Each structure stands twice: as C-alpha cells, then as structure tokens.
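Notes for the structure review
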Amino acid sequence: VINEICSSNKSSLATADNKYYDWVELYNASDESVNLKNYGLSDKEEKLARFKIPSVKIESKGFIIIYFESNYEGNDKLVADFGLSDKGEDLYLTMPNGNIIDKISFPSLKEDTTYGRYNGEWNVLNPTPNEKNETKPIYKYIEAPTFSNESGFYDYNFGLTLSTDSEAKIYYTLDSSDPTENSNLYEDEILITDPSSNPNVLK
C-alpha cells in the first residue's frame, strides 16, 4: 500500500547523491516479502504505470522509498521520471497486470510535511520515511465543503445546503468577504433569493 507521500521535499529526505526529490513510501502489510518488479505508480488514471518499479524486494512489514523527479537524469532505478504536485492530486499503485491496488488523493502540502496513514486514518504528518507513522499528526485534513447547487445564475429562489466532514464547522458570508469564526455558522439551509431589488454595491 501507499503509506506516506511527500510532494514538497526540501530537506526531509535526501537521495544517495544528496538531492531532494518528492517521495512516496510503500509498505508491505503482508506476512511475506514481495518483489515489486513491474508494479506501477502514476498520477494519471488514463496512463497507469507511468513508472514501472524495477526488481526490488520489500520485506514483510517493511518499507521502500520511491523518489519522483520530472527532469531526472541519474541512474537510480528507484526514481520515477515525473513529479508530484504540491497542490495535491491522485496517486495510483498498480499490480503488474495493471489492476489498481491502491489509490490516494492527497491534498496540498507545505514544505517537508507528508500525507500518511496514522491509526487507520490519513493525516498531515511530520515525515517518518522508512518508519512507522507513530508521531502525532500536525493536523487532520478535512475535505472542502460540498454544495447542493453549482455556482451560476438562477432565476428562482432555492435553499442551499452545505456538507463536509462531520467533525467540522462551516462559517459563511453572503457579501463576498472571507469567512472567519465570527461569521455566520452554518446550521441549516441558506435561502438564496433574487437580489435584483437590492441597492447596487461595488465590491
């Protein structure tokens, strides 16, 4: 499985030639060693196995690091020739037959932080390459709110509902300003009405 992702590596883990590339840690949760030959990694579902892992063994309960560098010109066989977006994207791990065995959607990450498994959940962590993710998370990543209606122009009134992680609170405004904890707390649907009769305001 994919166990930890670092998409903005500046000083967390260096290669043998002292370079800092994005990296992903794979973990073998099985009771047997696995040869990863022709397993694949990709950030594009339409082009799986952009990088085919060479013949390398990952021991039972063991880890392996794969680096990512779009302009890589070296000889390290465990460096994929594409980069990871620090804005977040999907990452796929595939078997030699092409079947997807793991897919992780990781968020935007700050420098030298990772997105990893911690107590069965994904959290933003301090890097722990080649080790168990046992340090306390920096924070839990929460998905952005989803809206019951898409943005656009409407010629009718409607109730807008918002939803997100059950542990999260949503604050909102109706005047284009950025919400804070002093803004409206979302508790029930928001009535969206035609503002044509309101005074014009430049923002």
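Our subject is the structure listed above.
These remarks concern the structure in this document.

About the thresholds
Residues numbered from 1 in each chain as written. Predicted model: local features only at pLDDT ≥ 70, side-chain atom pairs only at ≥ 80, totals over all residues. Heavy atoms only, no water. Core = buried A, V, L, I, M, F, W, Y, C linked by side-chain atoms within 4.5 Å. Buried < 20%, exposed > 50% of the residue type's maximum accessible area, 1.4 Å probe, protein only. Helix = DSSP H or I, 4+ residues; strand = E, 2+ residues; numbered from the N terminus. Contact = heavy atoms within 4.5 Å. Pairing = 2+ DSSP bridges. 1 Å grid on protein atoms, 1.4 Å probe; cavity = no way out; pocket = protein on both sides within 12 Å on 5 of 7 lines; lining within 4 Å. Points joined across faces, edges and corners; volume = space filled by probe spheres on them. Nonpolar A, V, L, I, M, F, W, Y, C, P; charged D, E, K, R; others polar.

Moving on: the nonpolar core. Residues I2, L26 and I53 are the most contacted members of the largest nonpolar core, which totals 26 residues. Secondary structure elements with two or more residues in this core: β1 (2-6), β2 (22-27), β7 (63-68), β9 (89-94), β10 (100-106) and β12 (121-125). Examining the composition of this core, we find that 3 residues originate from one element, β7, more than from any other. Those residues in contact with L26, other than ones at most four positions away along the chain, are V1, I2, L36, I53, I58, G62, F63, I64, I66 and L93. Ranked by size, the runner-up nonpolar core spans 8 residues in total, among them C6, L13, Y67 and Y72.

Glancing now at the sheet that holds strand β11 (residues 114-118). Spatially, β8-β7-β2-β1-β11-β12 is the arrangement adopted by the 6 strands of the open sheet, whose pairing is mixed. At either margin of the open sheet sits one strand with a lone partner, and together these are β8 (79-80) and β12. Pairing between β11 and β12: 5 bridges, direction antiparallel. Bridge pairing in β12 places Y118 opposite E121.

We now examine the layout of surface pockets. Size it by volume and the largest pocket reaches roughly 800 Å³. Breaking the lining of the largest pocket down by element, the ones donating at least two residues are β14 (158-160) and β18 (190-192). Looking at which element gives the most residues to the lining of the largest pocket, the answer is β18, with 3 residues. Here the second largest pocket defines a volume of roughly 180 Å³. If you trace the second largest pocket, you find it lined by V1, L26, Y27, N28, A29, S30, V34, L36, Y39, I58, L93 and I101. Here the lining of the second largest pocket is composed, by residue class, of 10 nonpolar, 2 polar and no charged.

By the element assignment, V56 lies in the loop between β5 (51-52) and β6 (57-58). Take V56: its relative accessible area is 18%, and that puts it in the buried class. Once the C-alpha coordinates of V56 and I2 are considered, the two residues, 54 residues apart in sequence, prove to be 16 Å apart. Excluding residues within four positions of it along the chain, V56 makes contact with V34, N35, L36, I64 and L78.

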